[in-house]
Amino acid sequence: MRFNITARHIALTPAITDYARKKVEKTQKFFIDIIWAQAILSVEKLRHIAEFVVHTPGETFRTEGVAGDLYAAIDIASHKLDLHLKKVKEKTKNYRSGKSAKSLVAVSGSLRSKVAESEAGVLPSKISDVSQVNAKWMTIEKALTEIESGSKPHFIFVNESTNRINLIYKKSKKGFGLVELEEPHF
């Protein structure tokens, strides 16, 4: 991460530079892939202003802290930035988990409608039973231990590393197979 600090109407000391740098580097616990960050420190009469600008792939975050002391202004801006980044990361995480769940519901819903059509005589019925599956977020290693401990010949889960629905199944004496669903192209 590149870090740039700008001072307006104040003398920039190494202590202030280090303090601001440490506060900005703390934000990497929310976003690892921060491209660059900038701290703008200024004084206007009795107001000390600290402004942080953090650029990540796809988005730029900007916060400002105002106080009677420069260190307090840096603390306020850093706290605001932490709250903002945490909120955005949680939204992204919730959106991703909701997307997979919606696609699972859509797949089971379309299968259910096919069965209903076949029961109505529109399609020849070869499907005798429809069951719903609640896919959990996990790694492939955890899914392997799950299928080894269970009695079912297959296990459906959402892969944490690819955010896609996967199916792991037992092969006859050859180990296991893995199927990863692609996004449909309409």
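Residues numbered from 1 in each chain as written. Predicted model: local features only at pLDDT ≥ 70, side-chain atom pairs only at ≥ 80, totals over all residues. Heavy atoms only, no water.

Let's talk about the confidence of the model for the protein chain
In step 1: Averaged over all residues, the pLDDT of the protein chain equals 80, while 78% of them reach at least 70.
In step 2: Of all helices and strands in the protein chain, the one with the weakest mean pLDDT is helix α2 (residues 70-119) (69), whereas strand β2 (residues 36-44) scores best (94).
In step 3: Contacts of residues 99-108 to residues separated by more than four positions or lying in other chains number 8 contacts, the stretch itself having pLDDT below 50. (pLDDT = per-residue confidence, 0-100. Helix = DSSP H or I, 4+ residues; strand = E, 2+ residues; numbered from the N terminus. Contact = heavy atoms within 4.5 Å.)

Comments concerning unusual backbone geometry
In step 1: Positive phi values are uncommon outside glycine, yet His9 reaches one of about 65°.
In step 2: In this fold, His9 is placed in the loop between β1 (2-8) and α1 (14-25).
In step 3: Its identity is not glycine, yet Lys45 carries a phi of approximately 55°, on the positive side.
In step 4: Secondary-structure assignment places Lys45 in the loop between β2 and β3 (47-56).
In step 5: Classification of Lys45 as exposed rests on a relative accessible area of 82%. (Buried < 20%, exposed > 50% of the residue type's maximum accessible area, 1.4 Å probe, protein only.)

Focus on the sheet that holds β1
In step 1: With respect to topology, 4 strands assemble into an open sheet ordered β1-β2-β3-β4, the strand pairing being mixed. What marks the edges here is a single partner per strand, and that holds for β1 and β4 (59-67). Adjacent strand axes in the sheet meet at a mean angle of 10° when their direction is disregarded.
In step 2: The sheet contact formed by β1 and β2 spans 7 bridges and is parallel. (Pairing = 2+ DSSP bridges. Axes fitted to C-alpha atoms, helices over the stretch in contact; angles between N-to-C directions.)

Topic: the pairing of strand β7 (residues 165-171)
In step 1: When strand β6 (residues 154-159) meets β7, the two strands line up antiparallel, connected through 5 bridges. Each residue of the ladder has a partner; that of Phe155, found in β7, is Ile168.
In step 2: Taking the residues that link successive antiparallel strands as the turn, the β6-β7 hairpin has 5 residues, and the phi of Asn163 there is positive, at about 60°.
In step 3: Direction of pairing for β7 relative to strand β8 (residues 175-180): antiparallel, over a ladder of 6 bridges. Among the inter-strand pairings, Lys171 is bridged to a residue of β8, identified as Gly175.
In step 4: Connecting the antiparallel pair β7 and β8 is a turn made up of 3 residues, with Lys173 showing a positive phi of about 60°.

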